[in-house]
Structures are given as C-alpha cells and as structure tokens.
Amino acid sequence: MERLWTSGGTEQNKALVEQLQHYGVIRSTKVAEVMEKIDRGSFVPDGNPPYVDSPMQIGYNATISAPHMHATCLELLKENLQPGMHVLDVGSGTGYLTACFALMVGPQGRVVGIEHIPELGASSIENIQKTPAASLLKEGSLSIHVGDGRLGWPESSPYDAIHVGAAATEIPQPLIDQLKPGGRMVIPVGNIFQDLEVVDKNLDGSISIHSETSVRYVPLTSRDAQLRGY
C-alpha cells in the first residue's frame, strides 16, 4: 500500500497517532489511546525509523506491518476487544498488536500470541516487557507461544477476536472453528493479489465474510518455508 504521508513530520509515536487520526485511519478514541500507550519504537529493530508509515523487516523473512495497517485492524476488531474478551494473534511477530490487544481487553481478558519462529517469540516478550502491557504478561492474561498459527490455540478458545498477521491462501478452518459466535476475525487472503477479509461468526454459527481493502502481507506458511524465503 502507498504511504499516506512522507516520513518527515512523524518523529514520535504521538505524532504518528495524530497523523493516522488526521487521515481518518484511526477513527476512535479507544484505538488512538492504545496506540499512544504502546510505543512502536519498542518493537521496530534498531536502525530502522519506527515512526514511518511503512512495514519494516524484523528478520527471518518476517515484517512488522505499517502503522496504518495496525490501526486498520484495531478499528475493525475494536468491538471484539472489550474488557474480559479472549483474543488470538496469529503470527504475532514483534508482539506489537498482541500488546495492544492485551491493554484493550485488560487483566480479566485473555490474549494469546502464536509465532512459529522461536527467536521472534522470544524477542517479542522482551519488546512487550518495555510497555504498559508488561504486567499482563507477568500475570498471565497475555502469553506468547511458539507453534503453527494456522492451527490456532484451542486451549484458550473460543475467541472473540482473531487477528492473522500473514496472508493465507484460504482461511484456515481451525481458526473459524475457534471463533466464538459473535466473534470476528481479520485475515489477509490471497497470493499475488490479497484482500484483508473480515470474517464474522454469527450467533447461529454461520459465517459472513467481506473484503475490507487490498493489502500486501508476507505469506502464512510453515516455519521451514518461511526460513527458506517461501
């Protein structure tokens, strides 16, 4: 996706959030507040400009999404990120959105990040420990696990919200199964051409899907394929 603005004026996290509000990407106070509290600078590898609206390489053929994509996903999921709700973050990467989710659902909620690269899982815990979500990690309402995110994490299911941070060729059935009735999943789907799809599980268990926007994510694949460069 094209950058919404040039990198010159956004040197700090608060300024970045204000820019996203100005361009209408952040529309709610709730999302603005959590993105101000969780500083992107704690999650972007050293040597990269953290407050530019662009994805960044984080090693192991993985990326941290651009801030406007984080904001878009938080806005799409915010009604399913109420205090006490359960959230699954598939391909949790740096842990940025995982930390945002944890602050939104609070200590009575449950947030599970799943990452299949062990080194990224370990570094994400270090990143989260620098943020206000550190206490939730310590208390156990937020946890990071190493595993194949395409299989979900059944033991904390069903989930009110599922976020998938890599593009699937099709929506994995285990993730649909682990979505609570009334729950919502946001997942990029496609190969060369991808759409950010919003999957709602209705109260009767039926599924409604709509495409929100065109996107470009790394593939949701096996650990070996990712390390080989897909």
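Preceding this paragraph is the structure being described.
Keep in mind that what you see is a predicted model, and the values were worked out from it rather than measured.

Chemist: Please provide a residue-by-residue account of the packing of helix α2 (residues 29-37) against helix α3 (residues 67-77), values included.
Modeler: For the pair α2 and α3, interaxial distance at closest approach is 10 Å and the crossing angle is 135 degrees. Taken together, the axes of α2 and α3 are oblique relative to one another. Between α2 and α3 lies a crossing of right-handed hand. Note on element contacts: α3 touches α2 through P67, A71, L74 and E75, opposite V31, V34 and M35. Its residues assigned to classes, the contact of α2 with α3 shows 6 nonpolar, no polar and 1 charged.

Chemist: Account for the environment of H116, with residues named and values stated.
Modeler: Tracing the chain through its elements places H116 in the loop between β4 (110-115) and α5 (118-128). Relative accessible area serves as the criterion here: at 11%, H116 is assigned to the buried category. Taking C-alpha positions, H116 is 8.9 Å from G93, a pair spaced 23 residues apart along the chain.

Chemist: If you had to explain the nonpolar core to someone new, which residues and values would you point to?
Modeler: In terms of nonpolar packing, the biggest core is built from 50 residues, with M35, L74 and L81 touching the most fellow members. For this core, the element with the most residues is helix α4 (residues 96-105), which contributes 8 residues. Once you skip the residues sitting within four places of it in the chain, M35 turns out to touch N13, V17, L20, I26, P67, A71, L74 and Y96. Counting residues in each nonpolar core, the second largest holds 19 residues, with I114, Y159, V164 and A168 among its members.

Chemist: Give me the lowdown on empty space enclosed by the protein, citing residues and values where you can.
Modeler: The final tally for this structure, using the stated rule, is 1 cavity of 30 Å³ or more. In this structure, the largest cavity spans a volume of roughly 370 Å³. Lining the largest cavity are 33 residues, with G91, S92, G93, E115 and G165 sitting closest to its centre. Of all the secondary-structure elements, those providing two or more residues to the lining of the largest cavity are β2 (62-64), α3, β3 (86-90), α4 and β4. For the lining of the largest cavity, a count of residues per class yields 15 nonpolar, 14 polar and 4 charged.

Chemist: How would you sum up the packing of aromatic side chains? Please name residues and give values.
Modeler: Tallying each qualifying case throughout the model produces 1 aromatic pair. When the ring of F43 is compared with that of Y96, the centres are 5.4 Å apart and the planes differ by 90 degrees; the resulting orientation is edge-to-face. With a gap of 53 residues between them, F43 in the loop between α2 and β1 (56-59) and Y96 in helix α4 connect regions that are remote in the sequence. With respect to burial, F43 and Y96 carry one shared label: buried.

Here is what the cut-offs are and how they apply
Residues numbered from 1 in each chain as written. Predicted model: local features only at pLDDT ≥ 70, side-chain atom pairs only at ≥ 80, totals over all residues. Heavy atoms only, no water. Axes fitted to C-alpha atoms, helices over the stretch in contact; angles between N-to-C directions. Helix = DSSP H or I, 4+ residues; strand = E, 2+ residues; numbered from the N terminus. Parallel < 35°, antiparallel > 145°, perpendicular 65-115°, else oblique. Left-handed = near helix turned anticlockwise from the far one by under 90°. Contact = heavy atoms within 4.5 Å. Nonpolar A, V, L, I, M, F, W, Y, C, P; charged D, E, K, R; others polar. Buried < 20%, exposed > 50% of the residue type's maximum accessible area, 1.4 Å probe, protein only. Core = buried A, V, L, I, M, F, W, Y, C linked by side-chain atoms within 4.5 Å. 1 Å grid on protein atoms, 1.4 Å probe; cavity = no way out; pocket = protein on both sides within 12 Å on 5 of 7 lines; lining within 4 Å. Points joined across faces, edges and corners; volume = space filled by probe spheres on them. Phe/Tyr/Trp six-rings, centres within 6.5 Å; stacked < 30°, edge-to-face > 60°.

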